[in-house]
Amino acid sequence: AQGGLVQAGPPPGQTGGASGARGPQAPAKPFPLTLTITEGTDASYRVREQLAGINFPNDAIGTSTAVTGVIVFNKDGSIDSKGSKLTFDLRALKSDQAMRDGFIQRQTLDTSHYPMAEFVPKTIEGMPNPLGGQFGFQLAGDMTIHGTTAPVIWQGIATVDNNNGVVAGRAATEFKFETFGLTTPKIARVMSVNDNITLEIEFRLKES
């Protein structure tokens, strides 16, 4: 139940397949290497909610660009988990409703005490070695939210631009509120909220 997989869409600017790449590509990058989160990365949550007086459900979505971190790869393409970590500033999450944002900040996430979420990647499947082209992947590791750590698995797709040393794409994971001891949001006009939270990240990683 923890770290359930959800389907991530194609990377930004891609409609599927490597044919969207422009110009000749530099050779694939050999490992070891370090990839650092760079500008153009954002993270978001997605929760299905039922609004009073409306007979169909609605997705509540909050987004933040306050994402930092690095992923370090060993020579064999495995992840150096001791040197790798992604950090999300939960205080920067914004949706289309200030009331929802306030409740989530104060009650659900308690960002005054737990302002950050952290993900420590441990293993990755599907990434080519050497690094190049477009590929689907599964990234497993430990997520810490609200003072609780639990394993999650991200499923995504990425495209490598070896000319610029950039890896761009999308990934998503899903878990229940109770996995991290979170309070289900209860705000005015909301009759019910689905127990599952989907986290999504649209990322740009730069070789460093």
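The rules behind these values
Residues numbered from 1 in each chain as written. Predicted model: local features only at pLDDT ≥ 70, side-chain atom pairs only at ≥ 80, totals over all residues. Heavy atoms only, no water. Helix = DSSP H or I, 4+ residues; strand = E, 2+ residues; numbered from the N terminus. Buried < 20%, exposed > 50% of the residue type's maximum accessible area, 1.4 Å probe, protein only. Contact = heavy atoms within 4.5 Å. Areas by Shrake-Rupley, 256 points an atom, 1.4 Å probe, with all protein chains shown as cover. Polar contact = N/O pair within 3.5 Å; in protein donor to acceptor, adjacent residues only side chain to side chain.

Draft legend 1. Representation of the overall build of the protein within the structure. Helix and strand counts for the protein stand at one helix and eleven strands. From first element to last, N terminus to C terminus, the protein shows the α and β order β-β-β-β-β-α-β-β-β-β-β-β. Burial statistics for the protein: of 208 residues in total, 43% are counted as buried. Considering only contacts within the protein whose residues lie at least 6 apart along the sequence, 66% involve residues at least 24 apart. Working note: accessible area of the protein is about 10500 Å², and carbon and sulfur atoms make up 52% of it.

Draft legend 2. A look at the side chain of Thr41. Tracing the backbone through its elements, the reader meets Thr41 in the loop between β1 (33-37) and β2 (42-51). Thr41 gets classed as buried once you look at its relative accessible area, which sits at 4%. Of note is the side chain of Thr41, whose polar atom sits 3.0 Å from the backbone oxygen of Thr38. A polar atom in the side chain of Thr41 sits 3.0 Å from the backbone nitrogen of Arg204. What Thr41 contacts, discounting residues up to four positions off in sequence, is Thr65, Val67, Ile201, Glu202, Phe203 and Arg204.

Coordinates in, geometry out; function isn't part of it.
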